[in-house]
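# Analysis of the macromolecular model
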Amino acid sequence: MNKKLNPFVKTCKQSQSFLWGKDRLSQTQKKKIVLYKKKKIRQRYSEFANQLRAKQLIATIYGKLSKKTMQSLALQASTSRNQRNEFLCLLEMRLDTCLFRMNLGPSFVSIRQYINHGFILVNGRKLNISSSILKPGDIITIERPFPLHWKTSWFSMMEQKHLLKRPVQHLEINYKLCNAIVLFPPQQIYYPCRFQVQSALRFLSR
């Protein structure tokens, strides 16, 4: 009987890259992904397939966004001179993305759960819409008392290196007060893999 794949391994195989770093995978899982990637490299894809893969890769990195959500962001970015940078900037300025960059949780699913339960304040007001676009100067605060089981799991995941370790420059984060200030639109963001933004935008414009 075949064992079910770890969801992280399955997603990494589909994207042919280590989306969440290698710390969360065993040596056997890493080898499986590398071998799968080598097999896929030999295959040739059509332009449509490449555009679809680029869109799926971006959607996965940002917590499996729907096509409708991405099309809406692409439409907003189309008014800018540099649509590519504006599109990525809008993705990074979403409330759930900012909380993910704060290392509030190991995944977008857990972070969106925090938002839906009303534990997140923006400028002193509860905000339960994860797709909200923040602006420079906005203050993100985690309402207290912070749920004990979330706080315990948060620190344990930090110790086990299950969270992102690369700090972002556009957020000033205070872990003691559990808040952050959006300083400016992101200028440089680390991504775990390469993807073609223009290909994704062409797919979304169909």
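Preceding block: the structure.
Residues numbered from 1 in each chain as written. Predicted model: local features only at pLDDT ≥ 70, side-chain atom pairs only at ≥ 80, totals over all residues. Heavy atoms only, no water.

## What about the pattern of salt bridges?
So the rule is basically this: We count a salt bridge whenever a side-chain nitrogen from Lys or Arg sits within 4 Å of a carboxyl oxygen from Asp or Glu. For every residue, the accessible area (1.4 Å probe, protein chains only) is compared with the maximum for its type, and the residue is labelled buried under 20%, exposed over 50%, or partly exposed between those bounds.
With the rule as written, the count across this model stands at 5 salt bridges. Of the charged contacts, one joins Arg94 and Asp96 as a salt bridge, the two residues approaching to 2.8 Å between their closest N and O atoms. For Arg94, a relative accessible area of 5% corresponds to the buried category. Asp96 sits in the buried class, given a relative accessible area of 0%. Via salt bridges that share partners, Arg94, Asp96 and Arg112 belong to a single interconnected network.

## Topic: the pairing of strand β3 (residues 139-142)
Filter applied, for reference: A run of H or I in DSSP counts as a helix once it spans at least four residues, and a run of E counts as a strand once it spans at least two, with each numbered from the N terminus. A pair of strands counts as paired when DSSP detects no fewer than two bridges linking them.
Of the two faces of β3, only the one carrying Ile140 and Ile142 is buried; Ile139 and Thr141 on the other face are not. With 3 bridges joining them, strand β1 (residues 120-122) and β3 adopt antiparallel strand pairing. By the bridge assignment, Leu121 is partnered in β3 with Thr141. Sheet analysis places β3 next to strand β5 (residues 179-182), joined by 3 bridges and oriented antiparallel. Bridge pairing links Thr141 to Asn179 in β5.

## Some words on the packing of helix α5 (residues 83-92) against helix α9 (residues 197-204)
Packed helix pairs are characterised by how far apart their axes lie and by the angle those axes make with each other. What counts is decided by this rule: Here the axes come from fitting lines to C-alpha atoms, over the contacting stretch only for helices, and the angles between their N-to-C directions go from 0 to 180 degrees. By definition in this entry, angles of less than 35 degrees are roughly parallel, angles greater than 145 are roughly antiparallel, angles of 65 to 115 are roughly perpendicular, and the rest are oblique. Residue contacts follow a heavy-atom distance rule, with two residues in contact if any of their heavy atoms lie within 4.5 Å.
Their axes nearest at 10 Å, the elements α5 and α9 cross at an angle of 85 degrees. Classified by the interaxial angle, the pair formed by α5 and α9 is roughly perpendicular. Taking contact as the criterion, the partners of Gln83, Arg84, Phe87 and Leu88 in α5 are, on α9, Val197, Gln198, Leu201 and Leu204.

## Comments concerning unusual backbone geometry
Within the chain, Lys64 stands out as a residue other than glycine whose phi angle is a positive 55 degrees. Here Lys64 lies in the loop between α3 (47-61) and α4 (67-77). At Asn123, a residue that is not glycine, the phi angle is positive and equals roughly 55 degrees. Take Asn123: it is sitting in the loop between β1 and β2 (125-126). Judged by its relative accessible area of 44%, Asn123 is partly exposed.

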